[in-house]
Amino acid sequence: MQLARFPRRRYTLSQTPIERMEHLSGHLGGAQLYVKRDDLLGLTSGGNKTRKLEFLVAEALKQRADTLITVGAVQSNHCRLTAAAAVREGLKCRLVLEQRVPGSYRADASGNNFLFDLLGVEKITVVNAGDDLNAAMEAERQALAAEGRTGYIIPGGGSNAIGSLGYAACAEEILQQGFDMGLEFDRVVVASGSGGTHAGLLVGFNANSAGLPITGINVRRPAAEQEANIHALTAQIADYAGVAAVPREAVVCRDEWVGPGYSLPTDEMVEAVRMFASLEGILLDPVYTGKAAAGLIGLIRAGEIGRDERVLFVHTGGSPALYAYQPILSGAAAAQ
Ligand SMILES: *Cc1c(COP(=O)(O)O)cnc(C)c1O
């Protein structure tokens with residue numbers, strides 16, 4: 001891939017580490033587990049949206065935007081990082097927050113919500129699940145235009161062809177690191193939400209003929225629906241990047257760890273968050289990586305991931321949301 005063709009800002013100084021998770025591997029009796037520490041990416045508290053924003057914000061600047069407009073759930077990591085990128089670039093930021101769980105927005109909530117305020121978000125508009133999110137963002141863009149300002153709309157999760165280039169690039173980073181470490185991975189496991197991470201990785205591995213399968217662990221949608229979405233997104237990314245299309249059968253999503261719904265806790269998520277923290281000193285998050293790690297652990301216990309497989313878990317970030325879930329995650333609660 002010639003990704004240098006696309007405008008890009010830099011928010012992380014170098015590659016994120018790949019670390020062996022020896023204690024967790026031992027505790028589970030295999031597989032050989034590694035973690036790609038994308039929780040250590042740049043901007044405020046890291047996480048996968050930083051890679052997407054490098055390409056999206058470069059595009060916004062090219063279009064001479066002065067304000068970033070985006071949408072997310074009430075504890076959105078993507079909204080936090082978009083606000084952080086705006087600060088870094090001297091832009092303003094406006095957010096549309098979707099109450100995917102009815103009544104879930106609280107102006108005084110902790111976690112990412114607190115950080116929206118700290119990062120100087122200019123305006124927050126709260127809407128309900130099912131409302132037209134694109135229309136809400138377009139209304140903001142027009143309100144800015146009426147004042148002579150220029151808004152740039154970033155889709156939910158930054159998951160369009162432009163943003164997903166960040167994860168096509170990450171696929172190449174992973175292959176290079178594996179080569180440098182003398183380590184051939186058998187499988188990648190990653191959370192699959194708005195899909196740019198999963199789809200970008202698929203495009204990047206496929207363009208390099210890596211033969212490295214990805215298991216996406218859903219956090220919201222049923223598997224068939226998510227697989228169709230991811231496949232459609234890979235087609236857009238591959239077209240935009242000018243590389244080969246990803247075959248449908250390479251898109252694999254599992255939905256057994258979604259639980260009652262997006263952002264709603266499960267026992268398996270709590271177990272995974274506590275396991276990663278106590279065995280590896282790594283903070284997951286309750287909405288994405290906690291459920292993705294629960295899927296990883298579940299697939300190992302079920303024997304679907306072999307004891308000798310070398311598995312790379314992509315840690316997509318999100319730890320600030322832990323503080324909004326403290327009563328559910330703390331040891332006192334887990335003991336009950
Ligand atoms: C957004 C997000 C994801 C999901 O990534 P997508 O590209 O939207 O599928 C996973 N983990 C964290 C912490 C996130 O914030």
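Please read all numbers here as calculations on a predicted model, not as lab measurements.

What follows deals with the UniProt feature "domain: Tryptophan synthase beta chain-like PALP" (unreviewed entry) in the chain. UniProt feature "domain: Tryptophan synthase beta chain-like PALP" (unreviewed entry): in the numbering of this structure it lies at residues 14-317. As annotated, residues 14-317 comprises 44% helix and 17% strand, and the C-alpha atoms at either end are separated by 17 Å.

What follows concerns the domain arrangement of the chain. Its domain assignment divides the chain into domain 1 (3-47 + 160-335) and domain 2 (49-157). Its C-alpha centre places domain 1 at a distance of 24 Å from the equivalent point of domain 2. Opposite the 39 residues of domain 1 that make contact, domain 2 presents 34 residues. Together, the buried faces of domain 1 and domain 2 total about 3,000 Å²; carbon and sulfur atoms form 59% of this surface.

Our next topic: the site of the ligand. Among the 17 residues in the neighbourhood of the ligand, the closest are listed as Lys49, Lys52, Ser194, Thr197 and Thr316. The contact in question runs from an oxygen atom of the ligand to an N or O atom on the backbone of glycine 196, over 3.3 Å. Look at the ligand: alone it shows 380 Å² of surface, and the protein chains cover 98% of it. Where the shell around the ligand is concerned, the elements lending two or more residues are helix 2 (49-62), strand 7 (187-192) and helix 7 (196-207). Its residues placed into classes, the shell around the ligand shows two nonpolar, 12 polar and three charged.

This part is about the sheet that holds strand 4 (residues 92-99). The four strands lie next to each other as 5-4-3-6, forming an open sheet whose pairing is parallel. Single-partner strands in this sheet number two, and they are strand 5 (123-128) and strand 6 (151-154). Strand-to-strand twist in this sheet, taken as the mean axis angle between neighbours without regard to direction, amounts to 20°. Relative to strand 5, strand 4 runs parallel, the two sharing six bridges. Within strand 5, the position partnered with valine 96 by the bridge is threonine 125. Seen against the sheet, helix 5 (residues 133-146) touches strand 3 (67-73), strand 4, strand 5 and strand 6 and runs at an angle of roughly 160° to strand 3.

With the rule as written, the count across this model stands at 24 salt bridges. A salt bridge links glutamate 122 to arginine 149, with the nearest nitrogen and oxygen atoms 2.9 Å apart. With a gap of 27 residues between them, glutamate 122 in the loop between helix 4 (112-118) and strand 5 and arginine 149 in the loop between helix 5 and strand 6 connect regions that are remote in the sequence. Judged by its relative accessible area of 32%, glutamate 122 is partly exposed. Two residues, glutamate 138 and arginine 141, come together in a salt bridge whose shortest N-O distance is 2.8 Å. Linking glutamate 138 with arginine 141, this pair stays in helix 5, spanning three residues, or about one helical turn. Residues participating in the shared-partner salt-bridge network are Asp66, Arg94, Glu122, Lys123, Glu140, Glu147 and Arg149.

On to the environment of leucine 61. Along the polypeptide, leucine 61 turns up in helix 2. In this structure the C-alpha to C-alpha distance between leucine 61 and valine 270, which are 209 residues apart in sequence, comes to 40 Å. Not counting chain neighbours up to four residues away, the residues in contact with leucine 61 comprise Arg9, Glu89 and Leu91.

Taken as a whole, the largest pocket spans an internal volume of roughly 760 Å³. Contributing elements (two or more residues each) for the lining of the largest pocket: helix 2, strand 3, helix 3 (77-89), helix 5, strand 7, helix 7 and helix 8 (223-241). When residues of the lining of the largest pocket are assigned to their parent elements, the largest contribution, five residues, is made by helix 8. Tallied by class, the residues present in the lining of the largest pocket amount to 12 nonpolar, 25 polar and nine charged. Approximately 410 Å³ is the volume found for the second largest pocket. As for the second largest pocket, its lining consists of 25 residues, and the residues nearest its centre are Val74, Gln75, Ser104, Ala324 and Tyr325.

About the cut-offs
- Residues numbered from 1 in each chain as written.
- Predicted model: local features only at pLDDT ≥ 70, side-chain atom pairs only at ≥ 80, totals over all residues.
- Heavy atoms only, no water.
- UniProt positions renumbered as here; feature names shortened; annotations may be inferred.
- Helix = DSSP H or I, 4+ residues; strand = E, 2+ residues; numbered from the N terminus.
- Domains from an automatic or database assignment.
- Contact = heavy atoms within 4.5 Å.
- Buried area = accessible area lost by both parts, 1.4 Å probe.
- Near = heavy atom within 4 Å.
- Polar contact = N/O pair within 3.5 Å; in protein donor to acceptor, adjacent residues only side chain to side chain.
- Areas by Shrake-Rupley, 256 points an atom, 1.4 Å probe, with all protein chains shown as cover.
- Nonpolar A, V, L, I, M, F, W, Y, C, P; charged D, E, K, R; others polar.
- Pairing = 2+ DSSP bridges.
- Axes fitted to C-alpha atoms, helices over the stretch in contact; angles between N-to-C directions.
- Salt bridge = Lys/Arg side-chain N within 4 Å of Asp/Glu carboxyl O.
- Buried < 20%, exposed > 50% of the residue type's maximum accessible area, 1.4 Å probe, protein only.
- 1 Å grid on protein atoms, 1.4 Å probe; cavity = no way out; pocket = protein on both sides within 12 Å on 5 of 7 lines; lining within 4 Å.
- Points joined across faces, edges and corners; volume = space filled by probe spheres on them.

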